[in-house]
Amino acid sequence: MKMRSPITITIIAAILAASIQSVTAERSTNQGQLLANTQLSDIQTNQLKSLGVKVAIPSYIPAGFQVASVQVKPCPSGVRRFCPNYAIIYGNSNNSCFAIESTGGGIGDMPSTDLERSYPVNNSILGKSAVLKYRKNPRLSGPTLTGSWMGKGPFYRFTGAGSRLFLDTAPPELSNCKDISPQEAVRVWESLRYLP
């Protein structure tokens, strides 16, 4: 067996250490950039983390959009069915809005009634799904976009203007605004990453 010299071992160890530091620094930079892109405050980030589940957040937000509100609904003590739930609602000065929401369960298939068009989504962490555009109907003030649920629990979706959240609320931030374009909705949906 051929023995390596102490100098060779030292060089190899130094190269490995430098590689590990580089990967760690890159990961830290990527996580910091992700948090900066989402525009969540430290308080909002901590609210989401307090739910104790993987939180999916968009790493792409259209220009001019800001977090309008974050809603969280933890599970009641001893209950883990259909919860916890959260919604991150974004809006802009042109009165456009959307939300990313999650639930622990209780979802079902998306309705096919009034479906106008489906836009495919391929998310790197959640797989394939679609953003669905529905026609105006008596329950909505106009056409609306919503995403098919993705994930294996918790479940996640894109939610457009006028949609009710799974939190069973119709927040003013989504009730009185317009949808973003389906193409932008797909881009937001495909950008979801887990909160570090």
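Residues numbered from 1 in each chain as written. Predicted model: local features only at pLDDT ≥ 70, side-chain atom pairs only at ≥ 80, totals over all residues. Heavy atoms only, no water.

What's the story with the packing of aromatic side chains in this structure? I'm lost.
For any pair of aromatic rings, the description consists of the separation of the ring centres together with the inter-plane angle of the planes. For the structure on display, the rule yields four aromatic pairs. Ring centres of Phe-65 and Phe-98 lie 5.4 Å apart, and the angle between their planes is 50°; this geometry places the pair in the tilted category. Of this pair, Phe-65 sits in the loop between β1 (56–58) and β2 (66–73) while Phe-98 is found in strand β4 (residues 97–103), placing the two residues 33 residues apart along the sequence. An identical accessibility class is assigned to Phe-65 and Phe-98; each is buried. An aromatic cluster is defined as three or more aromatic residues linked by ring pairs; in this entry it consists of Phe-65, Tyr-90, Phe-98 and Phe-158. Just above the ring of Tyr-60 sits the side chain of Arg-187; from NZ or CZ to the centre is 3.8 Å. (Phe/Tyr/Trp six-rings, centres within 6.5 Å; stacked < 30°, edge-to-face > 60°. Helix = DSSP H or I, 4+ residues; strand = E, 2+ residues; numbered from the N terminus. Buried < 20%, exposed > 50% of the residue type's maximum accessible area, 1.4 Å probe, protein only. Lys NZ or Arg CZ within 6 Å of the ring centre and 35° of its normal.)

Is there a simple way to think about the environment of Val-121 in this case?
By the secondary structure assignment, Val-121 is in strand β5 (residues 115–123). Among the residues examined, Val-121 registers a relative accessible area of 3% and is labelled buried. For the pair Val-121 and Ser-191, spaced 70 residues apart in the sequence, the C-alpha separation amounts to 10.0 Å. If we ignore the near neighbours within four places in the chain, the residues touching Val-121 are Gly-127, Lys-128, Ser-129, Ala-130, Val-131, Met-150, Val-186, Trp-189 and Glu-190. (Contact = heavy atoms within 4.5 Å.)

Any chance you could explain the nonpolar core here in plain terms?
Across soluble globular proteins, nonpolar side chains have a tendency to be buried as a group. Residues Leu-48, Tyr-86, Ile-88, Val-131, Phe-158 and Trp-189 are the most contacted members of the largest nonpolar core, which totals 31 residues. Put simply, the parts of the chain that give this core at least two residues each are β1, β2, β3 (85–91), β4, β5, β8 (155–159) and α4 (182–190). For Val-131, the contacting residues outside a window of four places in its chain are Arg-117, Ser-118, Tyr-119, Val-121, Leu-145, Thr-146, Gly-147, Ala-185, Val-186 and Trp-189. Among the nonpolar cores identified, the runner-up in size contains eight residues, and Ala-87, Ala-99, Ala-161 and Cys-177 belong to it. (Core = buried A, V, L, I, M, F, W, Y, C linked by side-chain atoms within 4.5 Å.)

Just to check I follow, could you spell out α4 for this structure?
Where α4 is concerned, the buried positions are Pro-182, Ala-185, Val-186, Val-188 and Trp-189. On an axial view of α4, the arc spanned by its buried residues comes to 165°, and they lie on one face. (Arc of directions from axis to C-beta.)

Would you take a moment to explain unusual backbone geometry for this structure?
A negative phi angle is the norm for most residues apart from glycine, just as the trans form is the norm for most peptide bonds. Between Gly-153 and the following residue, Pro-154, the backbone shows a cis peptide bond with an omega angle of 5°. Residue position: Pro-154 is located in the loop between β7 (144–147) and β8. Positive phi is not limited to glycine here, since Asn-95 has a value of about 65°. If you trace the backbone, Asn-95 turns up in the loop between β3 and β4.

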